[in-house]
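If you want the building blocks of each chain, they are given just below.
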Amino acid sequence: MAGPKNTVAWHRNPLIRGIFAQLVLVLLVVWGISTIYANTVANMEARGIQIGFGFLNEVAPFGIAFSPFIDFNLGESTYLTVFFIGIQNTIIVSVFGIIAATILGVTVGIMRLSANWFVSKIATIYIEVFRNIPVLLQIMFWNFAVFLPLLPGPRESLGGGGFFLNNRGTYLPKPVVENATANTAFWLAIALGIIAIYVLHKFSARRQEQTGQILRGKLIGFGLLAALVALATIIFGAPFAFEAPVLGRFNMTGGIEIPLPLFALWFALTTYTAAFIAEQVRGGIEAVTKGQWEAAGALGLSRSHLLKLVIIPQAMRVIVPPTISQYLNLTKNSSLATAIAYEDIVALWTGTSLNQTGQALIIVAMTVVVYELLSLMTSIALNIYNKRVQLVER
Amino acid sequence: MTDTLIHTRLPDRAPPASETGIIHWARTNLFSSITNTILTLASLYALYVLVPPLLNWGLLNANLAGTDRSVCDANQGGACWTFIKVRFNQIMFGLFYGSNPDQIWRPVLAFFSLVALVIPLFFDRFNYKGMLSAFILIVFPFIAFALIHGAWLGLPVADTSEWGGFLLTFVLASVGIVAALPIGILLALGLRSELPIVRGFSVFYIELWLGTPLITVLFMASVLLPLFFPAGVDFDKVLRAMIGITLFQSAYVAEAVRGGLQAIPKGQFEAADALGLSYWKKMLFIVLPQALKISIPGIVNTFIALFKDTSLVSIIGLLDLLNMSQTASKGLEWKGYDTEAYLFAAFVFGICCYGISLYSRSLEEKLDRGHKN
């Protein structure tokens with residue numbers, strides 16, 4: 001009689017089990033997707049809709065109120081243009097929201113750490129109130145309960161001198177190129193100035209490393225930039241003329257118009273996201289150990305050098321990654337624009353265009369792809385940053 | 001002989017007035033430097049400008065009496081809490097319970113039995129936490145559904161389409177987290193799996209949902225979901241939203257659990273392998289009990305986010321707390337009092353989320369201490 005075999009039975013072999021389990025998973029996924037696809041095609045055909053990208057070249061039968069960079073002509077522009085306008089408007093509110101939220105968030109985060117009891121308590125209350133209330137509620141509150149009823153109508157617009165605020169939106173003077181030579185000279189002066197700043201900064205940094213002499217290259221560079229711009233303006237005249245908005249029959253005309261929904265959305269996203277960024281900033285600064293402050297102080301660094309060379313670089317390592325995710329969150333939250341009729345990608349594409357064409361599958365898929373691309377870009381940025389600031393371990 | 005000198009100890013003198021009490025506190029916290037003093041005065045001025053008018057509007061001058069808008073219309077300078085008082089049942093429990101106040105005991109009973117069931121979990125000395133949690137997660141949802149819906153118990157039927165207000169918000173968030181937990185745990189295990197296809201699938205699934213805004217997911221659920229199934233299969237709107245929220249939330253739970261799994265030392269896996277445990281036994285009895293404990297704060301944080309995000313269902317037309325309050329203020333009867341509606345909804349959301357976040361923070365501290373050497 002043979003002894004027990006030294007090998008495991010085939011059905012207990014982890015390798016075979018693994019392959020089998022994965023095969024089952026693949027079959028399940030393939031079966032699921034094909035069933036869903038077949039059902040969808042059948043259901044849409046029953047409603048008389050042929051799935052396909054053909055509709056992208058059809059003319060969109062609705063108007064678009066806000067599209068600063070892409071021209072939209074009712075009766076001529078296609079759905080593809082609508083798609084790009086949606087992306088454009090999402091990017092516009094996100095970019096301005098990210099800039100403002102960073103400024104506000106850093107300010108509140110530092111206030112939270114202030115030695116002043118009042119300042120720190122006000123920051124705490126701000127953070128707790130704004131981050132514990134749904135952002136959609138905040139967007140609707142600012143738009144419907146604050147800005148819309150409290151701002152005056154166009155005839156009683158607030159402001160003056162080209163800047164106006166009323167319940168239709170915000171109006172700013174618009175720079176218009178009148179003198180082409182002056183304009184070219186202006187931009188040339190700026191480009192030269194920036195190059196000068198860079199070169200002088202590099203030069204003075206090298207000089208400081210070699211001799212210890214402090215030259216303040218950056219400061220001289222900025223002075224040069226200002227001088228160049230002033231010179232170009234004096235010789236060739238003003239690079240822009242400003243076209244101020246004027247009160248028309250019903251509303252302001254001319255100038256740059258920021259419609260109220262965009263303003264309200266931007267305001268709500270900024271104040272909401274700033275509360276989260278403030279917490280990251282506080283956490284990041286608190287994460288720098290006391291020893292680092294004391295060691296930098298012992299080296300005799302001035303307060304600004306202490307912050308610039310020792311504390312901020314270490315705090316940034318903690319602050320930046322979660323803050324970049326907050327930027328992505330802000331971009332995703334901008335999709336709530338649809339609640340206050342700002343024409344972002346969800347409102348224009350997943351909302352209006354879907355209702356008009358019925359191409360649910362393709363439209364939702366295209367929207368998801370746009371957000372996935374934004375998310376991918378965010379994680380690439382995050383990885384690059386993490387690689388750059390990683391601690392070099394010895 | 002001279003007298004012996006006897007030293008008697010005098011009582012301690014009180015510290016100078018500037019070093020104790022409120023003066024000292026104010027000097028260190030409010031007026032320690034010139035900048036600080038300026039900041040204090042600026043904050044005080046800002047409070048003086050902002051607080052009294054708001055206090056006046058919201059409390060001192062506010063209307064609470066009466067049952068219709070005539071009271072509020074007569075006193076426009078104050079908030080109209082009468083509106084919230086009259087519509088309270090509707091805003092908290094939705095249309096069915098708003099018009100059948102005698103039935104409100106059903107959701108209230110369900111809520112308080114949940115609270116009663118959850119309380120023992122907070123006591124460290126309670127020994128049957130696992131069994132109780134399993135009961136809450138698996139059995140209790142059906143009891144709650146029976147109570148609130150009513151058909152199984154022969155009570156007047158409150159159809160899911162008539163659920164609304166805070167009740168709907170709470171149900172959506174709870175169903176979302178409870179249904180997403182098992183899926184999320186499986187996905188987190190898949191992320192750490194040695195099988196490449198399983199890992200790839202988990203990564204793809206999680207990244208797909210993490211990158212998409214919930215509102216797109218809800219549109220997907222309300223527009224695409226009916227298309228995915230053969231003609232004739234129909235879900236009601238609430239169920240569609242639940243499915244969308246669950247799929248979405250499971251990715252976030254997976255991320256939280258993944259963090260917990262990563263914190264488990266390699267030795268635990270190796271020890272389980274050395275004992276000859278199978279993959280599932282290793283995970284169920286050795287790894288997950290430790291990993292889940294660490295990931296609880298993370299899961300609670302995703303729950304807070306979910307709780308706030310459920311308000312998005314108002315965009316696809318469900319009457320959750322936000323939409324119910326708003327709808328109540330849009331009717332002819334209370335037109336123009338939407339500020340009060342928003343503020344009340346914000347208050348309820350804020351209290352809930354702040355409470356849960358306080359709990360989550362205390363949990364983090366507790367767990368943190370347990371893991372420091």
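Residues numbered from 1 in each chain as written. Chains lettered and ligands numbered in written order. Predicted model: local features only at pLDDT ≥ 70, side-chain atom pairs only at ≥ 80, totals over all residues.

Colleague: In this structure, what is going on with the overall build of chain B? I would like to understand it.
Modeller: Secondary structure summary: chain B contains 15 helices and zero strands in total. Computed over C-alpha atoms, the radius of gyration of chain B comes to 28 Å, more than 25% over the 21 Å expected from 2.2 N^0.38 for 373 residues, which places it beyond the range of a compact globule. In terms of principal-axis extent, the alpha carbons of chain B reach across some 115 × 75 × 40 Å. Counting all 373 residues of chain B, 34% fall into the buried class. Restricting to contacts in chain B with at least 6 residues of sequence separation, those with at least 24 account for 62%. (Helix = DSSP H or I, 4+ residues; strand = E, 2+ residues; numbered from the N terminus. Rg over C-alpha atoms; globule rule 2.2 N^0.38 Å. Buried ≥ 20, exposed ≤ 12 C-beta atoms within 10 Å, placed from the backbone. Contact = placed C-beta atoms within 7 Å.)

Colleague: I keep staring at the overall build of chain A and nothing clicks. Help me out?
Modeller: For chain A, the count of helices and strands is 11 helices and eight strands. In terms of C-alpha radius of gyration, chain A reaches 29 Å, well past the compact-globule figure of 21 Å for 394 residues. In terms of overall dimensions, chain A has a C-alpha envelope of 100 × 70 × 45 Å along the principal axes. A burial count over chain A gives 30% of its 394 residues as buried. Counted over contacts in chain A with a minimum sequence separation of 6, partners at least 24 positions apart contribute 66%.

Colleague: In this structure, what is going on with the sheet that holds strand E8 (residues 256-259) of chain A? I would like to understand it.
Modeller: Think of a sheet as strands paired side by side through backbone hydrogen bonds, with each pair either parallel or antiparallel. All names here are of chain A. Strand order in the open sheet formed by four strands is E1-E2-E3-E8, with antiparallel pairing between adjacent strands. Each edge of the sheet is formed by a strand with only one pairing partner; in this case those strands are strand E1 (158-160) and E8. For this sheet the average axis-to-axis angle between neighbouring strands, irrespective of direction, equals 10°. Note that strand E2 (residues 163-166) and strand E3 (residues 169-172) share three bridges and pair antiparallel. Its bridge partner being in E3, phenylalanine 164 is matched across the sheet by tyrosine 171. In the packing of helix H7 (residues 260-287) onto the sheet, the strands contacted are E3 and E8, and the crossing angle to E8 comes to about 65°. (Pairing = 2+ DSSP bridges. Axes fitted to C-alpha atoms, helices over the stretch in contact; angles between N-to-C directions.)

Colleague: Is there a simple way to explain the packing of helix H10 (residues 214-228) of chain B against helix H11 (residues 237-262) of chain B in this structure?
Modeller: The angle between the axes and the distance between the axes are what describe a pair of packed helices. Residue and element names in this part refer to chain B. Contact geometry for H10 and H11: axes closest at 9 Å, N-to-C directions at 135°. Between H10 and H11, the angle is such that the two are oblique. The element H10 and its partner H11 pack so that their crossing is right-handed. Note on element contacts: H11 touches H10 through Lys237, Arg240, Ala241, Ile243, Gly244, Leu247 and Phe248, opposite Leu214, Val217, Leu218, Met220, Ala221, Ser222 and Leu225. (Parallel < 35°, antiparallel > 145°, perpendicular 65-115°, else oblique. Left-handed = near helix turned anticlockwise from the far one by under 90°.)

Colleague: Got a minute to help me understand the domain arrangement of chain B in this structure?
Modeller: Domain parsing of chain B yields domain 1 (19-60) and domain 2 (81-100 + 158-371). Placing a centre on the C-alpha atoms of domain 1 of chain B and another on those of domain 2 of chain B gives a separation of 40 Å. (Domains from an automatic or database assignment.)

Colleague: Would you mind going over the confidence of the model for chain A with me for this structure?
Modeller: Any residue range with low pLDDT should be treated as having predicted coordinates unsuitable for detailed reading. Model confidence for chain A is summarised by a mean pLDDT of 88, while 97% of its residues fall at 70 or above. The secondary structure element of chain A with the lowest average pLDDT is strand E7 (residues 252-253) of chain A, at 75, and the one with the highest is H7(A), at 95. (pLDDT = per-residue confidence, 0-100.)

Colleague: Is there a simple way to explain the environment of B:Thr310 in this structure?
Modeller: Residues and elements named next belong to chain B. The topology assignment puts threonine 310 in the loop between helix H13 (279-309) and helix H14 (321-330). Classification of threonine 310 by C-beta neighbours within 10 Å gives buried; the count is 28. In this structure, the C-alpha to C-alpha distance between threonine 310 and leucine 322, residues 12 residues apart in sequence, is 9.4 Å.

Colleague: Please explain the pairing of E3(A) as it appears in this structure.
Modeller: In regular strands, side chains alternate between the two faces of the sheet. All names here are of chain A. Linkage of E2 to E3, two consecutive antiparallel strands, is achieved through a turn of two residues. Both E3 and E8 contribute to a ladder of four bridges, which runs antiparallel. By the bridge assignment, tyrosine 171 is partnered in E8 with glutamate 257.

Colleague: What's the story with the nonpolar core in this structure? I'm lost.
Modeller: The tendency in soluble globular proteins is for nonpolar side chains to be buried side by side. If you look at the biggest cluster of nonpolar residues, it comprises 145 residues, and the most contacted ones within it are A:Leu137, A:Ile139, A:Leu265 and B:Leu218. Not counting the four nearest positions on each side in its chain, A:Ile139 is found in contact with A:Ala264, A:Leu265, A:Ala268, A:Leu336, A:Ala339 and A:Ile340. The next biggest cluster of nonpolar side chains, apart from the first, holds five residues, and it includes A:Ala185, A:Phe186, A:Ala189 and A:Leu228. (Core = buried A, V, L, I, M, F, W, Y, C linked by C-beta atoms within 7 Å.)

Colleague: Got a minute to help me understand helix H2 (residues 34-60) of chain B in this structure?
Modeller: A turn of α-helix holds 3.6 residues, and therefore any two residues three or four places apart point the same way. All names here are of chain B. For H2, spanning 27 residues, the distance from its first C-alpha to its last is 36 Å, which sits close to the expected 39 Å at 1.5 Å a residue. Maximum bend of H2: about 25°, positioned at tyrosine 48, with proline proline 52 one to four residues after it. Of all 27 residues making up H2, only two are buried, and the element is barely covered by its neighbours. (Expected span 1.5 Å × (residues − 1). Bend = angle between axes of the 7 residues up to and from the residue.)

Colleague: Explain unusual backbone geometry here, please?
Modeller: Leaving glycine out, the prevailing phi sign among residues is negative, and the prevailing peptide bond configuration is trans. The residue A:Ala341 is not glycine, and still its phi comes out positive at about 65°. With respect to the helices and strands, A:Ala341 occurs in the loop between helix H9 (303-333) and helix H10 (345-357).

Colleague: In this structure, what is going on with the confidence of the model for chain B? I would like to understand it.
Modeller: Confidence in the prediction of chain B, expressed as mean pLDDT, is 88, and 98% of residues score 70 or more. Model confidence for the complex is summarised by a pTM of 0.88, with the ipTM given as 0.88.

Colleague: Just to check I follow, could you spell out the interface of chain B and chain A for this structure?
Modeller: When the parts of a complex come together, some accessible area is lost, and that lost area is often taken as the interface size. Counting residues at the interface gives 42 residues for chain B, matched by 45 residues for chain A. It is helix H15 (residues 338-371) of chain B that contributes the most residues to the side of chain B that touches chain A, 10 residues altogether.

Colleague: I tried to follow H7(A) on my own but got confused; where do I start?
Modeller: All names here are of chain A. Its 28 residues give H7 an end-to-end C-alpha distance of 40 Å, which sits within 8% of 40 Å, the value for a rise of 1.5 Å per residue. At alanine 274, H7 shows its largest bend, some 25°. Among the 28 residues that make up H7, 23 are buried, leaving the element largely enclosed by the rest of the structure.

Colleague: Honestly, the environment of A:Trp142 in this entry has me stumped. Any pointers?
Modeller: All names here are of chain A. Looking at the secondary structure, you find tryptophan 142 in helix H4 (residues 135-150). Along the chain, tryptophan 142 and asparagine 13 lie 129 residues apart, while their C-alpha atoms are 62 Å from each other. Those residues within four positions of tryptophan 142 in sequence are excluded, and the remaining contacts are Phe147, Ala264, Phe267 and Ala268.

Colleague: Before we go on, may I ask you to explain the packing of helix H6 (residues 105-118) of chain B against helix H7 (residues 129-149) of chain B in this structure?
Modeller: All names here are of chain B. Running from N to C, H6 and H7 cross one another at 170°; their axes reach a closest spacing of 10 Å. As the angle between them shows, H6 and H7 are arranged roughly antiparallel. Of the residues in H7, those touching H6 at Arg106, Pro107, Leu109, Ala110, Leu114, Leu117 and Val118 are Leu132, Ile136, Phe140, Ala144, Leu147 and Ile148. The class makeup of the residues in the contact of H6 with H7 is 12 nonpolar, no polar and one charged. (Nonpolar A, V, L, I, M, F, W, Y, C, P; charged D, E, K, R; others polar.)

Colleague: Please explain the environment of B:Asn301 as it appears in this structure.
Modeller: Here B:Asn301 shows up in helix H13. When the C-alpha positions of B:Asn301 and B:Ala256 are compared, they lie 9.0 Å apart, and in sequence the two are 45 residues distant.

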